[in-house]
Amino acid sequence: MFLVFTQHITPRLEYIVKTLLGDDAIITRDIYKFSNSSLQKINYSSTMFEDESLWIEPFGLLEENNIQTQQIQCSNWNGLPIFFKTNGILPFDIFSASFFLLTRYEEYSEVYKKDNYGNYHHTNSIAFKENFLQLPLINLWLNKLEVHYNLKFSESIFKVIPTYDIDIALAYKNHSLYKKMGGLLKDLFFLKPTFKERIKVLFLSKKDPYDVYTWLNNLHIKHQLQPIYFFLTAIKKSIYDKNPVLTKSAFKKIIHQHSLKYQIGIHPSFISNTETHFLKKEISFLQKLIKKEVNISRQHYVQLKFPTTYLALIKNGITGDFSMGYGTSNGFRASYTKPFYWYNLAAEEQTNLLLYPFCYMDANCIFEQKLSPKKAFEEMKQYYKIVKKVNGHLIYIMHNHFLADQPEWLNWKLIYENFLCQINE
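Residues numbered from 1 in each chain as written. Predicted model: local features only at pLDDT ≥ 70, side-chain atom pairs only at ≥ 80, totals over all residues. Heavy atoms only, no water.

Digging into the state of the cysteines
For step 1, the next point in the chain: According to the stated counting rule, one finds zero disulfides in the structure shown.
For step 2, the next point in the chain: Between C359, a free cysteine, and C365, which holds the nearest cysteine sulfur, the sulfur-to-sulfur gap is 10 Å.
For step 3, the next point in the chain: Residue class for C359 comes out buried when judged on its relative accessible area of 2%. (Disulfide = S-S within 2.5 Å. Buried < 20%, exposed > 50% of the residue type's maximum accessible area, 1.4 Å probe, protein only.)

Observations concerning helix α1 (residues 11-21)
For step 1, the next point in the chain: With respect to burial, α1 is a largely interior element, eight of its 11 residues being buried.
For step 2, the next point in the chain: The set of residues buried in α1 consists of R12, L13, Y15, I16, V17, T19, L20 and L21.
For step 3, the next point in the chain: Positioned one or two residues after α1, G22 has a phi angle of 105°, which is positive. (Helix = DSSP H or I, 4+ residues; strand = E, 2+ residues; numbered from the N terminus.)

Some words on the nonpolar core
For step 1, the next point in the chain: Core analysis: the largest hydrophobic core is formed by 130 residues, its most contacted members being F95, W141 and Y416.
For step 2, the next point in the chain: The residues contacting W141, other than those within four sequence positions of it, are W77, L80, P81, I82, F83, F92, I94, A97, S98 and L101. (Core = buried A, V, L, I, M, F, W, Y, C linked by side-chain atoms within 4.5 Å. Contact = heavy atoms within 4.5 Å.)

Examining helix α14 (residues 410-423)
For step 1, the next point in the chain: With 14 residues, α14 extends 20 Å from end C-alpha to end C-alpha; this agrees with the ideal 20 Å at 1.5 Å per step.
For step 2, the next point in the chain: Taken residue by residue, α14 has W412, K413, I415, Y416, F419, L420 and I423 as its buried positions. The arc that holds the buried residues of α14, viewed along the axis, is 165°, so those residues lie on one side.
For step 3, the next point in the chain: Turning to α14, the residues buried within the fold contact β7 (159-166), α8 (213-223), α12 (362-368), α13 (373-389) and β15 (393-399). (Expected span 1.5 Å × (residues − 1). Arc of directions from axis to C-beta.)

Some remarks on the packing of aromatic side chains
For step 1, the next point in the chain: According to the stated counting rule, one finds 43 aromatic pairs in the structure shown.
For step 2, the next point in the chain: For the ring pair Y164 and Y416, a centre distance of 6.4 Å and an interplane angle of 75° mean the geometry is edge-to-face. Taken together, the positions of Y164 in strand β7 and Y416 in helix α14 put the pair 252 residues apart, joining distant regions of the chain. The burial state of Y164 is the same as that of Y416; both residues are buried.
For step 3, the next point in the chain: Centroid distance F332 to Y383: 5.7 Å. Interplanar angle 65°. Geometry classified as edge-to-face. You can see F332 sitting in the loop between β11 (320-321) and β12 (340-344) and its partner Y383 sitting in helix α13, a full 51 residues away along the chain.
For step 4, the next point in the chain: A relative accessible area of 2% places F332 in the buried class.
For step 5, the next point in the chain: An aromatic cluster is built from F158, Y164, W215, Y229, F231, Y262, Y384, Y396, Y416 and F419, whose rings are joined through pairwise contacts.
For step 6, the next point in the chain: A cation over a ring is seen here: K381 above F377, with NZ or CZ 4.7 Å from the ring centre.
For step 7, the next point in the chain: The side chain of K413 reaches across the aromatic face of W215, ending 4.6 Å from its centre. (Phe/Tyr/Trp six-rings, centres within 6.5 Å; stacked < 30°, edge-to-face > 60°. Lys NZ or Arg CZ within 6 Å of the ring centre and 35° of its normal.)

Remarks on the side chain of H401
For step 1, the next point in the chain: Within the element layout of this structure, H401 appears in the loop between β15 and α14.
For step 2, the next point in the chain: Overall, H401 belongs to the buried group, its relative accessible area being 10%.

Here's the deal with the pairing of strand β1 (residues 2-6)
For step 1, the next point in the chain: Buried residues dominate β1, accounting for five of its five residues.
For step 2, the next point in the chain: By the alternation rule, side chains of β1 split into F2, V4 and T6 and L3 and F5, which are all buried.
For step 3, the next point in the chain: Bridge analysis of β1 against strand β3 (residues 40-44) gives five bridges, and the strand direction is parallel. Looking at β3, one finds that T6 is bridged to Y44.
For step 4, the next point in the chain: With three bridges joining them, β1 and strand β2 (residues 26-28) adopt parallel strand pairing. From the neighbouring strand, F5 faces β2, where its bridge partner is T28.
For step 5, the next point in the chain: At this point the chain moves from β1, through α1, to the parallel β2, and the crossover so formed is right-handed. (Pairing = 2+ DSSP bridges. Right-handed = clockwise from strand over helix to strand, strands pointing away.)

Observations regarding the pattern of salt bridges
For step 1, the next point in the chain: Enumeration according to the criterion identifies nine salt bridges in this entry.
For step 2, the next point in the chain: A salt bridge links E107 to R333; its shortest N-O distance comes to 2.7 Å. Separated by 226 residues along the polypeptide, E107 in the loop between α3 (94-102) and α4 (126-129) and R333 in the loop between β11 and β12 bring together distant segments of the chain.
For step 3, the next point in the chain: Classification of E107 as buried rests on a relative accessible area of 4%.
For step 4, the next point in the chain: Residue classification places R333 among the buried positions, given a relative accessible area of 3%. (Salt bridge = Lys/Arg side-chain N within 4 Å of Asp/Glu carboxyl O.)

Some details on the sheet that holds β3
Note on sheets: strands pair through backbone hydrogen bonds, and any given pair is parallel or antiparallel.
For step 1, the next point in the chain: The four strands are arranged β2-β1-β3-β4 in an open sheet whose pairing can be described as parallel. Lying at the two open borders of the sheet, with one neighbouring strand each, are β2 and β4 (54-55).
For step 2, the next point in the chain: α1 rests against β1, β2 and β3 of the sheet, and its axis sits at about 155° to β1. (Axes fitted to C-alpha atoms, helices over the stretch in contact; angles between N-to-C directions.)

Focus on the environment of N66
For step 1, the next point in the chain: Counting through the fold element by element, N66 comes out in the loop between β4 and β5 (75-77).
For step 2, the next point in the chain: With a relative accessible area of 36%, N66 lands in the partly exposed category.
For step 3, the next point in the chain: C-alpha of N66 to C-alpha of A347: the two residues are 281 residues apart in sequence and 9.4 Å apart in space.
For step 4, the next point in the chain: Beyond its immediate sequence surroundings of up to four residues, N66 is in contact with R12, Y105 and E348.

Observations concerning the packing of α1 against α3
For any two helices packed against each other, the geometry comes down to the angle between their axes and how far apart the axes lie.
For step 1, the next point in the chain: The N-to-C vectors of α1 and α3 enclose an angle of 90°; their axes lie 10 Å apart at closest approach. Judged on the interaxial angle alone, α3 and α1 are roughly perpendicular. Listed contacts from α3 to R12, L13, Y15, I16, V17, T19, L20 and L21 of α1 are F95, S98, F99 and L102.
For step 2, the next point in the chain: When grouped by side-chain class, the residues that make up the contact of α1 with α3 number nine nonpolar, two polar and one charged. (Parallel < 35°, antiparallel > 145°, perpendicular 65-115°, else oblique. Nonpolar A, V, L, I, M, F, W, Y, C, P; charged D, E, K, R; others polar.)

Looking at the side chain of S53
For step 1, the next point in the chain: For S53, the position within the fold is in the loop between β3 and β4.
For step 2, the next point in the chain: Residue S53 is classed as buried on the basis of its relative accessible area, which comes to 6%.
For step 3, the next point in the chain: One polar contact links S53 to D51, side chain to side chain, over a distance of 2.5 Å.
For step 4, the next point in the chain: In this view, S53 contacts F34, K41, N43 and I89; residues no more than four positions away in its chain are not counted. (Polar contact = N/O pair within 3.5 Å; in protein donor to acceptor, adjacent residues only side chain to side chain.)

Set out below in structure tokens:
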């Protein structure tokens, strides 16, 4: 339990102290109470005290109530990059630096490079520019505080949480007649090897290659994992929203069967980010199908814009979101690997939306980083090691259609199975 002395109690400071130090942390402006306390003490003020408390001199960010360009200059502290340097015993303002990273302060800028889908590109971030995107930097800072300043934080438990985005539940089945015939003709015209496979699935009862759900279920049972599935239930189809026809029985059956065993979330369609009325309809469809409340989500194509995306989710009853990561590179978008509440900088308030950051996605390895299956496997193991080191939550994204029973995906399927076997040895 911590007692933090400060001269200025602000919503920003209250948020970051609770996030980093725990709900039991107390903030006070009472110097007498602080001096006589037997709790772990942090002096977050402009004056150093003659006691054993850790002195962190404020940089000033947490006293502001607006968003402005911050000049970031990084240096090194015990082998870790730091910024917002001050003159305290701890040579930087860890509260301000962590607040900057967790709130995605830099993403509120109106001018930044966008990816192919209009999202904030990871190359804009200070984490990329200063080469710490692959580190849960805030967690590592806290670990250093424990070692060097004899502080004791609440114990946390390392968790592996597999998550799956079901963008295209089935390759050939349960699509419209127009799509089925169009696919057949296209395969035939271009002499694609999938023509025979498509015929067998549609007319000869061959298993759909994207139907890997029994295999996944057996893996989860074997390794005692509790996965989360996010289903795309786009009401309006688009070039980016290609799920099967919602009313088809096989698609509905897949969703229903998963809801009986696992936690189910909505995968809001690409189009719902601009035409937000579709979000409510998609959530409603999923809830009626599984006869349960749907309160978690992950954005399709990791569509995430501040603050509009999260405000829309909150408005529609979502209390947990798993979109905190990049669709252009693996790594830690918020430099943190534990769940944390979203702080809305536009309104200067903490919300009740709990964010679950992911650090690895198969699609990034395949399309953005262009890794071989072997290299992707090695990268996955590195994220496992670093998250385990800080007792965080290893949340990763896989797609059923990249684990398909097709020649081009068999090696990806194999490396994923090997990964789960090795981390559970």
